[in-house]
Amino acid sequence: MPTRPDPRPLTGEPVSLDLLNTRWNREGETQDLLTDTGGLAVWLAANGLDFPAGEAVLRHTLQARDALRAAVDEISPQTVARVDAVLAHGRVRLTLTEQGPAENAEFDDPSWGPAWLAARDYLSLLETAPDRIRGCAHEACILHFFDTSRNGTRRWCSMASCGNRAKASRHYARTKES
């Protein structure tokens, strides 16, 4: 069954941030890709996650999204416990293959797979560069990105949309003052 087109304005971020970006604002209203299993199928396909888009997967993925949203906003004992509750449903099994060391994710219930992988990815980002996990600087935007710019100064989810709106707004304010 083919999935519908991905309507989100920002895709291609690491899976944890891409999960957060299943909610976005459009013309002042919050949109949500994960309102049904069809939207879940779109998100799974966009991230190359080979899991069925069932109700249990949707429920667990939403739990992970809420936990990650809280953790990105503020690390506290409560947010840590929420992310850990998702991570409790899986583990990494280290193996040796003919190509060398490998890691395999294992889940107590496969319907936790996408949620666990997103939470695990968030931990990897925190290990790599926690200061590069950012929310868009535009006041009306709720999207997140991992800043991969050379100097680490990216401010906008997209220069073409939020960055351009901010520049246009500053220009309008300057010309109005003149």
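Source: prediction; values computed, not measured. (Residues numbered from 1 in each chain as written. Predicted model: local features only at pLDDT ≥ 70, side-chain atom pairs only at ≥ 80, totals over all residues. Heavy atoms only, no water.)

Draft legend 1. Local environment of the environment of Ile75. For Ile75, the location among the structural elements is in the loop between helix 3 (55-73) and helix 4 (77-87). Under the relative-accessibility criterion, Ile75 is labelled exposed at 56%. Other than its neighbours up to four places away in sequence, Ile75 contacts Val80 and Tyr122. (Helix = DSSP H or I, 4+ residues; strand = E, 2+ residues; numbered from the N terminus. Buried < 20%, exposed > 50% of the residue type's maximum accessible area, 1.4 Å probe, protein only. Contact = heavy atoms within 4.5 Å.)

Draft legend 2. Layout of the packing of helix 2 (residues 37-46) against helix 3. Two elements in contact, helix 2 and helix 3, have axes separated by 10 Å at closest approach and are oriented at 70°. Our classification of the angle between helix 2 and helix 3 gives roughly perpendicular. Note on element contacts: helix 3 touches helix 2 through Glu55, Val57, Leu58 and Thr61, opposite Thr37, Leu40 and Trp43. By residue class, the composition of the contact of helix 2 with helix 3 is four nonpolar, two polar and one charged. (Axes fitted to C-alpha atoms, helices over the stretch in contact; angles between N-to-C directions. Parallel < 35°, antiparallel > 145°, perpendicular 65-115°, else oblique. Nonpolar A, V, L, I, M, F, W, Y, C, P; charged D, E, K, R; others polar.)

Draft legend 3. Broad picture of unusual backbone geometry. Its identity as a non-glycine residue notwithstanding, Glu27 has a phi of 50°, on the positive side. With respect to the element layout, Glu27 can be found in the loop between strand 1 (23-26) and strand 2 (29-32). According to the relative accessible area criterion, Glu27 is exposed, its value standing at 80%.

Draft legend 4. Representation of the side chain of Glu13 in the model. Within the fold, Glu13 resides in the segment before helix 1 (15-20). A polar atom in the side chain of Glu13 sits 2.8 Å from the backbone nitrogen of Phe146. (Polar contact = N/O pair within 3.5 Å; in protein donor to acceptor, adjacent residues only side chain to side chain.)

Draft legend 5. Seen up close, the nonpolar core. Counting 39 residues, the largest nonpolar core has Leu19, Leu40, Trp43, Leu68, Val83 and Cys157 as its most contacted members. Contributing elements (two or more residues each) for this core: helix 1, helix 2, helix 3, helix 4, helix 5 (113-128) and strand 6 (144-146). Here Leu68 is in contact with Ser16, Leu19, Leu20, Val83, Ala118, Ala119 and Tyr122, once residues within four sequence places are set aside. (Core = buried A, V, L, I, M, F, W, Y, C linked by side-chain atoms within 4.5 Å.)

Draft legend 6. Quick look at the packing of aromatic side chains. Considering all chains together, one arrives at two aromatic pairs under this definition. On the numbers, 6.0 Å between centres and 65° between planes, the contact of Phe51 with Phe107 is edge-to-face. Here Phe51, found in the loop between helix 2 and helix 3, pairs with Phe107, found in strand 4 (residues 100-107); they are 56 residues apart in sequence, far enough to count as distant. By relative accessible area, which is 23% here, Phe107 ends up partly exposed. Seen in terms of ring centroids, Phe107 and Trp116 are 5.6 Å apart; in terms of plane orientation they differ by 70°. Their pairing is edge-to-face. According to the relative accessible area criterion, Trp116 is buried, its value standing at 4%. Through a chain of ring-to-ring contacts, three or more aromatic side chains come together here, namely Phe51, Phe107 and Trp116. Over the face of the ring belonging to Phe145 we find Arg154, whose NZ or CZ atom lies 4.0 Å from the ring centre. (Phe/Tyr/Trp six-rings, centres within 6.5 Å; stacked < 30°, edge-to-face > 60°. Lys NZ or Arg CZ within 6 Å of the ring centre and 35° of its normal.)

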